[in-house]
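What follows is each chain in one-letter form.
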Amino acid sequence: MRRILAIFAILLSIVAGIGAWTYIEYRQFIETPLSLGSSERVVQIPAGTHAKGVVDILAGAGIVENRWMMLYVLKNSGLAERIQPGTIVLTDGIKPTELPDLLARVGKYARLTVQILPGMNIYDIAHRMQENRIADETLFIGLSTDEAFAAELGIPAPSLEGYLAAGAYTFEPGVQPQEVIRQMHERWRLQWQSIVEENRGAYENAGERQMSDHAIVTLASIVEKEAILDGERPVVARVFFNRLRKKMKLQSDPTCVYPPKELGEKPTPNRCKDPDNAYSTYVVAGLPPGPIDTPSQASLRAVLKPYEGPDAFSLFYFVARQDGSKKHYFSKTYAEHQKAVDYYLKKKGTRPRGTTQPKI
């Protein structure tokens, strides 16, 4: 009997020791912030995901190391059955015990909305998607530049740049990035079909000039960056057509910073002259290999129907007036263009003359 009691006491001590160690480890786990690796991490929880699935997602992302402790925290919270799908944003310093309430956003997590503006490129769009907790920025960019995915959608380019429609979107919680992109491209496709039908004659003429759909979208994306007023877009398009006809380089500054090294990057002389930049129209002859942003419907129409007013086929240059009008001054000659640059940008010299300015 004594021997049995001694063995029992030893076993009890071992169990107590393990329990104490486990308790200490658990306390340390719940008091230690999650391992985000940055100030913020975006995590998507697909619809139908249960507690173990959430833990697997977090562990797979390197955010949680101890799976069973995290699972215990979720189940012990009483909220494991109330996990909602969607995108959660984990901020620096968040602890495991704060996760259950974040995951059970009953009544607080509604459908997700986002506004995409013309002129935004896929990098801008990806950033906005993450800001609005719809899709991970890196994943969105990866899919948007995936040639196989583009081919699957029927896009004649290695990237979806230029083929995602601008506008307001609403997505259900937990939507996958692939579905977000599919919806954006489908809207673009329907808009493009409508524009083609409305401008059938002009579209067929473009085809006769060997202007492919991809070339139209590419030039429209450049027009989008250069013109502010819709009324000026056809004139800007005409300038570029004239330069292409004369085999002059387009020399459009916005092409110099695509793809961007950082969001909102501004053109510089070095970037424009970079021989390795396949998009810089200061380097490449003709059009760049693809669009540089999301062109508006107005820019697409402008390329299909460029300006045909006075001096239309003699316009080769333009410069922003910077007088609050948002307009440009258009020139027929380089000498006149230099006078316009001096007058409008450098604020010196006299007002340029010689070209009939389009009435906008």
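In this text, all values refer to a predicted model and were calculated from it rather than measured experimentally. (Residues numbered from 1 in each chain as written. Predicted model: local features only at pLDDT ≥ 70, side-chain atom pairs only at ≥ 80, totals over all residues. Heavy atoms only, no water.)

Draft legend 1. Focus on the overall build of the protein chain. Secondary structure assignment for the protein chain yields 14 helices and six strands. Since a compact globule built from 360 residues should have a radius of gyration of about 21 Å, the 29 Å found for the protein chain marks it as more spread out than a globular shape. Considering only C-alpha atoms, the protein chain reaches an extent of 115 × 45 × 35 Å along its principal axes. Relative to its 360 residues, the protein chain shows a buried fraction of 45%. (Helix = DSSP H or I, 4+ residues; strand = E, 2+ residues; numbered from the N terminus. Rg over C-alpha atoms; globule rule 2.2 N^0.38 Å. Buried < 20%, exposed > 50% of the residue type's maximum accessible area, 1.4 Å probe, protein only.)

Draft legend 2. Seen up close, the packing of helix H8 (residues 177-198) against helix H13 (residues 297-304). Relative orientation of the contacting elements H8 and H13 amounts to 35°, with a least axis distance of 11 Å. Here the hand of the crossing between H8 and H13 comes out right-handed. Here H8 contributes Gln191, Trp192, Ile195 and Glu198 to the contact with H13, which in turn contributes Gln297, Leu300, Arg301 and Leu304. (Axes fitted to C-alpha atoms, helices over the stretch in contact; angles between N-to-C directions. Left-handed = near helix turned anticlockwise from the far one by under 90°. Contact = heavy atoms within 4.5 Å.)

Draft legend 3. Geometry of the packing of aromatic side chains. In the structure shown here, the tally under the stated rule is twelve aromatic pairs. Ring geometry for Tyr169 and Phe171: centres 5.9 Å apart, planes at 5°, overall stacked. No difference in accessibility class separates Tyr169 from Phe171, as the two residues are buried. An aromatic cluster is built from Tyr163, Trp188, Trp192 and Tyr203, whose rings are joined through pairwise contacts. The ring of Tyr169 carries the charged tip of Arg187 above its face, separated from the ring centre by 3.8 Å. (Phe/Tyr/Trp six-rings, centres within 6.5 Å; stacked < 30°, edge-to-face > 60°. Lys NZ or Arg CZ within 6 Å of the ring centre and 35° of its normal.)

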